[in-house]
Amino acid sequence: ELDHDSSIDLRSQTDMLLQTYHVKNLVFDFKDTEFMDSSGIGMMIGRCKNMDFTGGEVRAEHMNGRIRKIFLLSGLHKMVKIEEGGEEE
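Description of the structure in this document. (Residues numbered from 1 in each chain as written. Predicted model: local features only at pLDDT ≥ 70, side-chain atom pairs only at ≥ 80, totals over all residues. Heavy atoms only, no water.)

So, on to the pattern of salt bridges. One pass over the structure, following the stated rule, counts three salt bridges. Salt-bridge contacts for Arg 47 lead to Asp 15; the nearest nitrogen and oxygen are separated by 2.9 Å. Of this pair, Arg 47 sits in helix H2 (residues 38–54) while Asp 15 sits in helix H1 (residues 4–21); the two residues are 32 residues apart in sequence, bridging distant segments of the chain. Residues Arg 47 and Asp 15 agree in their burial class; the two are buried. As a salt-bridge pair, Glu 57 and Arg 59 come within 3.9 Å of each other at their nearest N and O atoms. Relative accessible area serves as the criterion here: at 30%, Glu 57 is assigned to the partly exposed category. (Salt bridge = Lys/Arg side-chain N within 4 Å of Asp/Glu carboxyl O. Helix = DSSP H or I, 4+ residues; strand = E, 2+ residues; numbered from the N terminus. Buried < 20%, exposed > 50% of the residue type's maximum accessible area, 1.4 Å probe, protein only.)

Note that Thr 33 resides in the loop between strand S1 (25–29) and H2. On the accessibility criterion, Thr 33 (13% relative accessible area) is buried.

Turning our eyes to something else, we now look at H2. Because an α-helix completes one turn every 3.6 residues, residues spaced three or four positions apart along the sequence face the same direction. Compared with the 24 Å implied by 1.5 Å per residue over 17 residues, the 25 Å span of H2 between its first and last C-alpha is a close match. Taken as a whole, H2 has its buried residues at Gly 40, Ile 41, Met 43, Met 44, Gly 46, Arg 47, Cys 48 and Met 51. Two or three places before Ser 39, at the start of H2, stands the capping residue Asp 37, its side-chain oxygen 3.0 Å from that residue's backbone nitrogen. Positive backbone phi, at 80°, marks Gly 55, one or two positions downstream of H2. (Expected span 1.5 Å × (residues − 1). Polar contact = N/O pair within 3.5 Å; in protein donor to acceptor, adjacent residues only side chain to side chain.)

This is the structure:
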């Protein structure tokens, strides 16, 4: 699940990695993710903004139908490149 608590942890871990290693491609693997709420959406938007500053790219892969729908309804699909080959529906 990508909810309030897990979003806080993922945000801090991701930001630490971005600052330490100057990452250019950030990939989120949604293989085992069944639920994502507004905290998860906010975390993704924040990482996209961080990557914009460095000229990097955010991608998502292995999305099931439910997560894909959240991306479409929230507009995340406009900010995050969705890897079609990794999609599970």
